[in-house]
Amino acid sequence: TIGFNLVPQENEEVFDAAGMEILPGFVQAISNWGVNGGIQEIRPSSNDNDEHSNPIMPEMDAFYAFNGRAAMYQQLGAFGLTACGVAPTDNNLFGGSIAAFTTEGLNPYKMCLKRGIAMMASVTPNLKHTYAAKMAPQTRMWIFANFSDQLHKAADYKQEEGKPADEKMVA
């Protein structure tokens, strides 16, 4: 808690910042930090967040791509970054959910501040370049038509009783 004339609670650490300026740590909103590690990592430069099997993958969760050792290798804290939003690929129309991590530590379960803070969507030329040889999209018309179509399908989705949920629509 930051403020004036506060009464500390039991076991609360008090730091007198009188005459100082208090600023939050820097937060990188969307990145792939903590996903790609150095050459000595178990999975170096793995691009574990860059799924290319389908342009519509909203059910992907960047949490599972995060590697605390890779974040430490990149020394984010040394540059004043205290948290980052780790995103799934920016090569998919719907790439999945973004998770927020602190930049200190090794264990992703302990470093994770919150999962599902946002949905990654991309309408950039990356999408066309990634899938041009495999299938659509070939034009921006396809990209935006499918973007709109997927949002309408998700808004109208109702899970049928007794059937498994459609993970794409739930996401």
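Residues numbered from 1 in each chain as written. Predicted model: local features only at pLDDT ≥ 70, side-chain atom pairs only at ≥ 80, totals over all residues. Heavy atoms only, no water.

Caption draft 1: Looking closely at the overall build of the chain. The helix and strand tally for the chain stands at 5 helices and 4 strands. Ordering the α and β elements of the chain from the N terminus gives β-α-β-β-α-β-α-α-α. Counting over 171 residues, the chain shows a buried share of 33%. Taking contacts inside the chain between residues at least 6 apart in sequence as the whole, the part at least 24 apart equals 62%. When the accessible surface of the chain is totalled, it reaches about 11,200 Å², and 56% of it is carbon and sulfur. (Helix = DSSP H or I, 4+ residues; strand = E, 2+ residues; numbered from the N terminus. Buried < 20%, exposed > 50% of the residue type's maximum accessible area, 1.4 Å probe, protein only. Contact = heavy atoms within 4.5 Å. Areas by Shrake-Rupley, 256 points an atom, 1.4 Å probe, with all protein chains shown as cover.)

Caption draft 2: Representation of the pattern of salt bridges in the model. According to the stated counting rule, one finds 4 salt bridges in the structure shown. Between D61 and R115 there is a salt bridge whose closest N-O contact spans 2.6 Å. With D61 in the loop between β1 (26-31) and α1 (68-73) and R115 in strand β4 (residues 112-121), this pair connects stretches of sequence that are 54 residues apart. According to the relative accessible area criterion, R115 is partly exposed, its value standing at 36%. (Salt bridge = Lys/Arg side-chain N within 4 Å of Asp/Glu carboxyl O.)

Caption draft 3: Representation of the environment of A70. Examined against the element boundaries, A70 turns out to sit in helix α1. Look at A70 and you get buried, because its relative accessible area is 0%.

Caption draft 4: Representation of helix α4 (residues 140-156) within the structure. Its 17 residues place the ends of α4 24 Å apart at the C-alpha level, agreeing with the 24 Å of an ideal helix rising 1.5 Å per residue. When α4 is considered as a whole, its buried residues turn out to be I143, N146 and Q150. Down the axis, α4 shows its buried residues gathered within 75 degrees of arc, on one side only. Of the residues in α4, the exposed ones pointing more than 90 degrees away from the buried face are M141, H152, A155 and D156. (Expected span 1.5 Å × (residues − 1). Arc of directions from axis to C-beta.)

Caption draft 5: Local environment of the pairing of strand β2 (residues 81-86). Most of β2 is tucked away, with 5 of its 6 residues classed as buried. Inspection of the sheet shows β2 paired to strand β3 (residues 94-102) by 4 bridges, in the antiparallel sense. What sits directly across from C84, in β3, is F101. (Pairing = 2+ DSSP bridges.)

Caption draft 6: Quick look at the packing of aromatic side chains. In this structure the tally under the stated criterion is 5 aromatic pairs. Aromatic side chains F63 and Y64 sit 5.3 Å apart centroid to centroid with 80 degrees between the ring planes, which places their arrangement in the edge-to-face category. We classify F63 as buried; its relative accessible area is 5%. Considering the side-chain rings of F94 and F147, the 5.1 Å spacing of their centres and the 5 degrees angle between planes classify their relative orientation as stacked. With a gap of 53 residues between them, F94 in strand β3 and F147 in helix α4 connect regions that are remote in the sequence. (Phe/Tyr/Trp six-rings, centres within 6.5 Å; stacked < 30°, edge-to-face > 60°.)

Caption draft 7: Expanded view of unusual backbone geometry. Phi at N11 takes a positive value of approximately 65 degrees, unusual for a residue other than glycine. Within the secondary structure layout, N11 lies in the segment before β1. A residue is classified by how much of its surface remains accessible, and N11, at 77% relative accessible area, is exposed.

Caption draft 8: Quick peek at the environment of V123. Of note, V123 is situated in the loop between β4 and α3 (125-131). Leave out the neighbours within four places in its chain, and V123 touches L93, R140, I143, F144 and F147.

Caption draft 9: Geometry of the nonpolar core. Counting 13 residues, the largest nonpolar core has F63, F66, V86 and F101 as the members making the most contacts within it. Taken together, the elements giving at least two residues each to this core come down to β2 and β3. I56, L127, Y131 and I143 belong to the second-largest nonpolar core, a separate cluster that totals 6 residues. (Core = buried A, V, L, I, M, F, W, Y, C linked by side-chain atoms within 4.5 Å.)

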